[in-house]
Amino acid sequence: MLKLWRWYQRCLTVHPVKTQVISSGFLWGFGDVTAQYITHSTAKTRLLRLTETNKDGDTNAEFKVNWKRVAITSMFGFGFVGPVGHFWYEGLDKFIKLKLRYVPKSTRFVAAKVAMDGLIFGPIDLLVFFTYMGYATGKNTAEVKEGLKRDFLPALALEGGAWPLLQIANFRYVPVQYQLLYVNIFCLVDSAFLSWVEQQKDAAWKQWFTSFQPLKERGGHGGV
């Protein structure tokens, strides 16, 4: 592991962008495999409960990886998370140091980074992910828009509770040269989570988030 870590450090020093692009692609692909396994296991558990009273159900379905989906998700890591994430975190650090002139590691410095990351990069990352996944899996524009309405707010709300805490630790304690690695490691979990959200389709918990919409959109009648 120590040799692997030193090798990664050398790659990051000599080829920072290329290293982040490649590592992001592999991590997002592995995250999608994890998401597929979680979805399969959840469905199998639900089926087992149903077959307790109905013996006709098939609960022996083996887990098979959808490699096409893995490749599509990996390309998101290669094409967006790696290069855009690299320049975003480098630029964010320089902006807050040189433009806002906040002292590195100070409370204001960390708070500004967390706020800008959560309000700017976070929503853009989710928007690009769900849009890309929609078109890449063969959906038309109307279906992609419907998917965004269904998936964007639930994912944003759930990620909004976790990422700020992770980023506080990142921006406060992790050296700048390793902050991207820190983010990429947690992107493994994040990619699994987003892939899982996208695969959940019209799950009941998602509908709770989308239920807060104007009466006209739900077929109701307003008093205006």
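Residues numbered from 1 in each chain as written. Predicted model: local features only at pLDDT ≥ 70, side-chain atom pairs only at ≥ 80, totals over all residues. Heavy atoms only, no water.

The protein is annotated in an unreviewed UniProt entry as PXMP2/4 family protein 2-like from Camelina sativa. Quoted verbatim from the Sequence similarities (unreviewed entry) heading of the UniProt record, the comment on the protein is "Belongs to the peroxisomal membrane protein PXMP2/4 family." Taken from UniProt, the Subcellular location (unreviewed entry) comment for the protein reads in full: "Membrane". (UniProt positions renumbered as here; feature names shortened; annotations may be inferred.)

Engineer: I'd like a rundown of a nonpolar patch on the surface, residues and numbers included.
Structural biologist: A contiguous nonpolar patch, built from Met1, Leu4 and Trp7 and spanning about 420 Å² of accessible area, is present on the exposed surface. Within the secondary structure, Trp7 sits in helix H1 (residues 2-14). You can call Trp7 partly exposed: its relative accessible area is 47%. (Patch = residues over 30% accessible without salt bridge, like charges linked within 9 Å, V, L, I, M, F, W, Y side chains within 5 Å. Areas by Shrake-Rupley, 256 points an atom, 1.4 Å probe, with all protein chains shown as cover. Salt bridge = Lys/Arg side-chain N within 4 Å of Asp/Glu carboxyl O. Helix = DSSP H or I, 4+ residues; strand = E, 2+ residues; numbered from the N terminus. Buried < 20%, exposed > 50% of the residue type's maximum accessible area, 1.4 Å probe, protein only.)

Engineer: Explain the packing of aromatic side chains to me, using residue names and the numbers behind them.
Structural biologist: On inspection of all chains with the given rule, the structure shows 15 aromatic pairs. The interplanar angle of 20 degrees and the centroid separation of 5.3 Å between the aromatic rings of Phe76 and Phe80 together place this pair among those described as stacked. With a gap of four residues between them, Phe76 and Phe80 both fall in helix H3 (residues 67-99), about one helical turn apart. We classify Phe76 as buried; its relative accessible area is 2%. Their ring planes at 15 degrees and their centres at 5.6 Å tell us that Trp88 and Phe121 sit as a pair that is stacked. Of this pair, Trp88 sits in helix H3 while Phe121 sits in helix H4 (residues 107-136), placing them 33 residues apart in sequence. Taken individually, Trp88 and Phe121 each receive the classification buried, so the pair is uniform in this respect. (Phe/Tyr/Trp six-rings, centres within 6.5 Å; stacked < 30°, edge-to-face > 60°.)

Engineer: Kindly report on the environment of Asp117, identifying the contributing residues and their values.
Structural biologist: Structurally, the position occupied by Asp117 is in helix H4. Distance in space between the C-alpha atoms of Asp117 and Trp163 is 9.3 Å, their sequence separation being 46 residues. With residues up to four places along the chain from it excluded, the contact list for Asp117 reads Trp88, Tyr89, Gly122 and Gln167. Among the polar contacts listed, one links the side chain of Asp117 to the side chain of Gln167, at a separation of 3.0 Å. (Contact = heavy atoms within 4.5 Å. Polar contact = N/O pair within 3.5 Å; in protein donor to acceptor, adjacent residues only side chain to side chain.)

Engineer: I'd love a proper account of the UniProt feature "transmembrane region" (unreviewed entry) in the protein, names of residues and values included.
Structural biologist: Within the UniProt annotation, "transmembrane region" (unreviewed entry) is assigned to residues 70-89 and 109-132. The span residues 70-89 shows a helical share of 100% and a strand share of 0%, and its end C-alpha atoms are spaced 26 Å apart. Along residues 109-132 the backbone is 100% helical and 0% strand, and the end-to-end C-alpha distance reaches 33 Å.

Engineer: Hey, could you go over the side chain of Asp117 for me, with residue numbers and the actual values?
Structural biologist: Of the buried charged residues, Asp117 lacks a salt bridge, with Lys113 as the closest side chain of opposite charge at 9.2 Å. Looking at Asp117, its side chain comes within polar contact range of the side chain of Trp88, at 2.9 Å. (Lys, Arg positive; Asp, Glu negative; His and termini not counted.)

Engineer: Quick one: what's the story with the nonpolar core, residue by residue and with numbers?
Structural biologist: What tends to happen in soluble globular proteins is that the nonpolar side chains get buried as a cluster. Of all hydrophobic cores here, the largest spans 31 residues; its most connected members are Trp28, Tyr89, Phe129, Phe130 and Leu194. Elements with a minimum of two residues in this core: H3, H4, helix H5 (141-173) and helix H6 (176-199). The element contributing the most residues to this core is H4, with nine residues. Residues contacting Tyr89, with those up to four places away along its chain left out, are Asp117, Phe121, Gln167, Phe171, Leu180 and Val183. (Core = buried A, V, L, I, M, F, W, Y, C linked by side-chain atoms within 4.5 Å.)

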